[in-house]
Amino acid sequence: MDIEVLLETHAGGRRRIDIEAGLTVIEVKKDLRVGRVVDDALVQLAGYVKARTEVVRQRYVGILTDGADWRLYNLGEDGKLHEVANHQVNPSEPDVEALLKVVS
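As the structure is a prediction and not an experimental result, all values here were calculated from the model.

## Describing the overall build of the protein chain
Then, in step 1: Per the secondary structure count, the protein chain includes two helices and six strands.
Then, in step 2: Walking the protein chain from its N terminus toward its C terminus, one meets helices and strands in the order β-β-β-α-β-β-β-α.
Then, in step 3: Its C-alpha radius of gyration of 14 Å places the protein chain within 12% of the 13 Å reference for a compact globule of 104 residues.
Then, in step 4: Taken over the C-alpha atoms alone, the protein chain extends approximately 40 × 40 × 25 Å along its principal axes.
Then, in step 5: Across the 104 residues of the protein chain, 35% fall into the buried class.

## Points about unusual backbone geometry
Then, in step 1: For Arg57, which is not glycine, the phi dihedral falls at a positive 60 degrees.
Then, in step 2: Relative to the helices and strands, Arg57 is located in the loop between helix H1 (37-56) and strand E4 (61-65).
Then, in step 3: By relative accessible area, Arg57 is classed as exposed at 74%.

What counts as what
Residues numbered from 1 in each chain as written. Predicted model: local features only at pLDDT ≥ 70, side-chain atom pairs only at ≥ 80, totals over all residues. Heavy atoms only, no water. Helix = DSSP H or I, 4+ residues; strand = E, 2+ residues; numbered from the N terminus. Rg over C-alpha atoms; globule rule 2.2 N^0.38 Å. Buried < 20%, exposed > 50% of the residue type's maximum accessible area, 1.4 Å probe, protein only.

So, in structure tokens, the structure goes:
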């Protein structure tokens, strides 16, 4: 099955989705450990997931990552993102198989 991957997809206004693959929106940040990066990114990601879900009329999921920390979210009936899985990549021994299990 081929999945179309789109980079910097227009999301209305001056916003752009970093990566869109299938029914998944991926928001990439430099470092999720800094300040309010996660809180701000989740607001942004929630907006993208909600908008895509409404337009396509299918359930979208969101991923927030800095390349080492991978967090998978789905949109609850309450309209908020809920973390359903996460994975920390060990830079000295990356486990691609474990990451693929989390995001698939």
